[in-house]
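Descriptive structure summary
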Amino acid sequence: MRFIAVDLETANPRMSSICQSGIVVFEDGREVAADARLVDPRDYFDPYNVAVHGITEEDVRGAPRFSDLHGWLCQQTRGQIVACHTHFDRVALGQACGLHRLEPLPCNWLDTAQVARRAWSDVAHSGYGLSKLARRFGIKFEHHDALHDARTAGLILLRAMEETGFDVAQWVE
């Protein structure tokens, strides 16, 4: 059983303004690889977004642009199940691909917020946010750091699989 958890941070309200990516690979119920990369969105940094994640224009100066990372992202996700918490990351990647006229990532998406809502009836309507679920399961993380958020989403998916007996492929179905 293998899946990849992804999280992104954006520079401003435009979802295509990706300024950080985090990817964590899980195999057989454990983390086997992780990578975080700063991305220069070539766009402005909104003070609200900076206050959320702490990434500034100076931090990404000289970092690769999204179009430079696209090939690497495709390599990491090709034919894989890619988990993210809520639709934000899937949509942001889609919009960034569209903005740069690049092909969408070649993967199958799985929303871990939807998984949580189905795995635990008490969070079906509220309480399925990443930080609330992390607190519930004793997962320590730095919220709004793409690598930490990706890892946490993956760990929540592992908990849901353990709780329900469904493997990652069954959750995709």
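It should be noted that the structure appears before, not after, this text.
**Regarding the packing of aromatic side chains**
Summed over all chains, the structure comprises three aromatic pairs. Here the aromatic rings of Phe3 and Phe26 are separated by 4.9 Å at their centres, their planes lie at 15°, and the arrangement is stacked. Placement of the pair is Phe3 in strand β1 (residues 2-10) and Phe26 in strand β2 (residues 18-27), with a sequence separation of 23 residues. Across this residue pair, the class does not change: Phe3 and Phe26 are buried. Ring plane angle 75° and centroid distance 5.4 Å describe the contact between Phe166 and Trp171, whose orientation is recorded as edge-to-face. The ring of Trp72 carries the charged tip of Arg37 above its face, separated from the ring centre by 3.7 Å. One Lys or Arg, Arg117, reaches over the ring of Tyr128 and ends 4.6 Å from the middle of that ring.

**A closer look at helix α7 (residues 146-164)**
For α7, built from 19 residues, the straight-helix expectation of 27 Å at 1.5 Å per residue is met to within 8% by its first-to-last C-alpha distance of 27 Å. What α7 keeps buried is the set Ala146, Leu147, Asp149, Ala150, Thr152, Ala153, Gly154, Ile156, Leu157, Leu158, Ala160 and Met161. In this structure Asp145 caps α7, since a side-chain oxygen of it lies 3.2 Å from the backbone nitrogen of Leu147. Gly165 sits one or two positions beyond α7 and adopts a positive phi of about 85°.

**Quick word on the packing of helix α6 (residues 130-137) against α7**
Where α6 meets α7, the axes come as close as 10 Å, and the angle between the chain directions of the two elements is 60°. Considered as vectors, α6 and α7 are oriented oblique to each other. Between α6 and α7 the crossing geometry is left-handed. On α7, the residues touching Leu130, Leu133, Ala134 and Phe137 of α6 are Asp149, Thr152, Ala153, Ile156 and Arg159.

**Observations regarding unusual backbone geometry**
Phi angles above zero are rare outside glycine, and Arg42 is one such case at about 55°. Structurally, the position occupied by Arg42 is in the loop between β3 (30-38) and α1 (47-53). Here Arg101, not a glycine, exhibits a phi torsion of approximately 55°, which is positive. Its place among the elements puts Arg101 in the loop between α4 (88-99) and β5 (108-111).

**Describing the pattern of salt bridges**
A side chain of one charge can pair with a side chain of the opposite charge when the charged atoms of the two come close. In the structure shown here, the tally under the stated rule is six salt bridges. As a salt-bridge pair, Arg2 and Glu27 come within 2.4 Å of each other at their nearest N and O atoms. Of this pair, Arg2 sits in strand β1 while Glu27 sits in strand β2, and the two are 25 residues apart along the sequence. On the accessibility criterion, Glu27 (29% relative accessible area) is partly exposed. Asp43 is the salt-bridge partner of Arg14, the closest N and O atoms lying 2.8 Å from each other. With Arg14 in the loop between β1 and β2 and Asp43 in the loop between β3 and α1, this pair connects stretches of sequence that are 29 residues apart.

**Looking at helix α3 (residues 66-77)**
Helix length check: α3, at twelve residues, gives a terminal C-alpha distance of 15 Å against a target of 16 Å (1.5 Å per residue), a fit within 8%. Its buried side turned inward, α3 meets β1, β2, β3, β4 (81-84) and α4. Once α3 finishes, Gly79 follows within two positions and takes phi at roughly 70°, a positive value.

Analysis parameters
Residues numbered from 1 in each chain as written. Predicted model: local features only at pLDDT ≥ 70, side-chain atom pairs only at ≥ 80, totals over all residues. Heavy atoms only, no water. Phe/Tyr/Trp six-rings, centres within 6.5 Å; stacked < 30°, edge-to-face > 60°. Helix = DSSP H or I, 4+ residues; strand = E, 2+ residues; numbered from the N terminus. Buried < 20%, exposed > 50% of the residue type's maximum accessible area, 1.4 Å probe, protein only. Lys NZ or Arg CZ within 6 Å of the ring centre and 35° of its normal. Expected span 1.5 Å × (residues − 1). Polar contact = N/O pair within 3.5 Å; in protein donor to acceptor, adjacent residues only side chain to side chain. Axes fitted to C-alpha atoms, helices over the stretch in contact; angles between N-to-C directions. Parallel < 35°, antiparallel > 145°, perpendicular 65-115°, else oblique. Left-handed = near helix turned anticlockwise from the far one by under 90°. Contact = heavy atoms within 4.5 Å. Salt bridge = Lys/Arg side-chain N within 4 Å of Asp/Glu carboxyl O.

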